[in-house]
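Structural characterization, general
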Amino acid sequence: MTLIGTPRRSPARPRLVAAQPSSGLHSATQSASVWSVGGGKGGIGKSFIASNSATVLARIGLRVILIDVDFGGANLHTCLGVRGSARVNLSDYLEDRVQDLEAAAIETSVPGLRLILGTLGHTGTALPTRVQRQQFVEAIRTLPADVVVLDLAAGMDRSTVDFFVGADENLLVTTPEPTAIENAYAFLRASFFRRLAAAVQGTPAEERVKEAWAERDERGLRAPADIVRELRRSEPGEAHRVERVLATFQPRLVLNQVRTGEEVRLGFSISSMCRRYFGVHLDYIGYINYDDCVWRSIKDRRALVIAYPQSDGALYVRQIVKKMLDN
Ligand SMILES: Nc1ncnc2c1ncn2[C@@H]1O[C@H](COP(=O)(O)OP(=O)(O)OP(=O)(O)O)[C@@H](O)[C@H]1O
Ligand SMILES: [Mg+2]
């Protein structure tokens, strides 16, 4: 059984407008637009991008809640200069010590930006159960925010992939290193399958998809598109619906820590490779150069866009957020 519903592509996405909190792009009754930041590999800049994008969004007047969806190595708070220990965190919500998710959101020094802390492994937190994850995914939609940004953990366990594909906007982060790209492909492949599984849940095609995924190597189904092709053959009645749902899965690629023009162009190759072999439309939304100001800002425990607003890194982050809002 899959946890995720079909994420909506927000019909009225927030526009990049001057700060007017009362002009609320999402009214109190409208649910937040959820952005997830994932990528598979650790240490590639997911938290840096999540925290700085969230800061940019708050600085233009949106109500933003940033969630550190890490149940072992949470450290997003450090990027924003928020003390992590002895504060309410995501586990308090999952384990019913706080009643609603909003109660776990703490203020940051950036007006309009609140943070829900993740957990550190040494606190003995267990991974969330399926029911807890389901509850969490539903609760996110009820948060009083214009945008909720999910900073995901490294790896591609089931909950991380579920949280990634369950969002309205999916930012896939990688660096130009072959190991990071390899993990990004694997993460994308797993995400595609989760979307596919969600699309066919409860239909006659559900079992076929599970089988095809489990036996993909023996059956020579190398790419997710092969599974769709097989589905088209075996369950023609479902294929059209599945394709329509999958067409809405359009993750955005962010290439981080680039150093050369050649590395910038790599983003286009990754994107076309995904289209050709995976059948996934991966929109290369932008890159961020390797910038010493990034680690300086983390050392200062401040967002780059505030500590070093004129740096190249801050400029590229602002450009990516602008494109996300404009698209
Ligand atoms: N554009 C960049 N330029 C220079 N350094 C960077 C850049 N992006 C990230 N870094 C460095 O990489 C380190 C890891 O970044 P970050 O913590 O955001 O990665 P992560 O993907 O969230 O890792 P994890 O999977 O462990 O949560 C940071 O300490 C930062 O110094
Ligand atoms: Mg991180």
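A brief structural summary.

Basis of the calculations
Residues numbered from 1 in each chain as written. Chains lettered and ligands numbered in written order. Predicted model: local features only at pLDDT ≥ 70, side-chain atom pairs only at ≥ 80, totals over all residues. Heavy atoms only, no water. Helix = DSSP H or I, 4+ residues; strand = E, 2+ residues; numbered from the N terminus. Buried < 20%, exposed > 50% of the residue type's maximum accessible area, 1.4 Å probe, protein only. Contact = heavy atoms within 4.5 Å. Areas by Shrake-Rupley, 256 points an atom, 1.4 Å probe, with all protein chains shown as cover. Near = heavy atom within 4 Å. Polar contact = N/O pair within 3.5 Å; in protein donor to acceptor, adjacent residues only side chain to side chain. Core = buried A, V, L, I, M, F, W, Y, C linked by side-chain atoms within 4.5 Å. Phe/Tyr/Trp six-rings, centres within 6.5 Å; stacked < 30°, edge-to-face > 60°. Pairing = 2+ DSSP bridges. Salt bridge = Lys/Arg side-chain N within 4 Å of Asp/Glu carboxyl O. Expected span 1.5 Å × (residues − 1).

**Focus on the overall build of the protein chain**
When you go through the protein chain residue by residue, the secondary structure sums to 13 helices and eight strands. In the protein chain, buried positions account for 56% of the 327 residues. Put simply, 75% of the contacts in the protein chain that link residues at least 6 apart link residues at least 24 apart. Accessible area for the protein chain stands at about 14400 Å²; split by element, carbon and sulfur atoms hold 51% of it.

**Side note on the site of ligand 1**
Around ligand 1 sit 17 residues, and of these Gly-43, Lys-46, Ser-47, Phe-48 and Asn-256 come closest. Residue Gly-43 places a main-chain N or O atom 2.9 Å away from an oxygen atom belonging to ligand 1. Separating an oxygen atom of ligand 1 from a side-chain N or O atom of Lys-46 is a distance of 2.8 Å. Protein coverage of the free-state accessible area of ligand 1, which is 640 Å², stands at 81%.

**Examining the nonpolar core**
Counting residues in hydrophobic clusters, the biggest one holds 60 residues, and the most contacted among them are Ile-67, Leu-101, Phe-136, Val-148, Leu-150 and Leu-196. Per element, the largest residue contribution to this core is 11 residues, and it comes from helix α6 (residues 178–200). In contact with Leu-196, not counting residues within four places along its chain, are Val-209, Ile-227, Val-228, Leu-231, Val-242 and Leu-246. Counting 42 residues, the second-largest nonpolar core is a separate cluster that includes Ile-60, Val-110, Leu-117 and Val-317.

**Side note on the packing of aromatic side chains**
For the coordinates displayed, the defined rule picks out four aromatic pairs. Ring centres of Phe-268 and Tyr-284 lie 4.8 Å apart, and the angle between their planes is 80 degrees; this geometry places the pair in the edge-to-face category. Placement of Phe-268 in helix α10 (residues 261–278) and of Tyr-284 in strand β8 (residues 283–289) is noted, with a sequence separation of 16 residues between them. Residues Tyr-287 and Tyr-316 carry aromatic rings whose centres are separated by 5.0 Å and whose planes lie at 40 degrees to one another, so their mutual orientation is tilted. Of this pair, Tyr-287 sits in strand β8 while Tyr-316 sits in helix α13 (residues 312–326); the two residues are 29 residues apart in sequence, bridging distant segments of the chain. The exposure class of Tyr-287 is partly exposed, given its relative accessible area of 26%. Since its relative accessible area comes to 17%, Tyr-316 is described here as buried.

**A look at the pairing of strand β1 (residues 33–38)**
Of all the six residues making up β1, six are buried; the element is thus mostly covered by neighbouring parts of the structure. Side chains Ser-33, Trp-35 and Val-37 project from β1 onto one buried face, and the interleaved Val-34, Ser-36 and Gly-38 project onto a second face that is buried too. With five bridges connecting them, β1 and strand β5 (residues 147–152) associate as parallel partners. Note on β5: the bridge partner recorded for Trp-35 is Val-149. For β1 and strand β6 (residues 169–174), the ladder comprises four bridges, and the chain directions are parallel. Within β6, the position partnered with Val-37 by the bridge is Leu-171.

**Thoughts on the sheet that holds strand β3 (residues 106–107)**
Strand order in the open sheet formed by eight strands is β3-β4-β2-β5-β1-β6-β7-β8, and the pairing between neighbours is mixed. Since the sheet does not close on itself, it has two edges, and those belong to β3 and β8, each with one partner.

**Some words on unusual backbone geometry**
Where the residue is not glycine, phi is negative for most of them; where a peptide bond is considered, it is trans in most cases. With a phi angle near 65 degrees, Asp-96 is a residue other than glycine that sits in the positive phi range. Within the secondary structure, Asp-96 sits in the loop between α3 (90–94) and β3.

**So, the pattern of salt bridges**
Counting across every chain of the model gives nine salt bridges. The salt bridge partner of Arg-114 is Glu-102, with a shortest N-O separation of 3.0 Å. Of this pair, Arg-114 sits in strand β4 (residues 113–116) while Glu-102 sits in the loop between α3 and β3, placing them 12 residues apart in sequence. Here Glu-102 falls in the partly exposed class, since its relative accessible area comes to 31%. Arg-252 serves as the salt-bridge partner of Glu-169, at 3.2 Å between the closest nitrogen and oxygen. Separated by 83 residues along the polypeptide, Glu-169 in strand β6 and Arg-252 in strand β7 (residues 252–258) bring together distant segments of the chain. Note on Glu-169: relative accessible area 2%, which makes it buried. Through salt bridges that share partners, Asp-92, Glu-95 and Arg-97 make up one connected network.

**Section: helix α1 (residues 46–59)**
The terminal C-alpha atoms of α1, which comprises 14 residues, lie 20 Å apart, in line with the 20 Å expected from a rise of 1.5 Å per residue. Among the 14 residues that make up α1, 13 are buried, leaving the element largely enclosed by the rest of the structure. Once α1 ends, the next one or two residues include Gly-61, with phi positive near 100 degrees.

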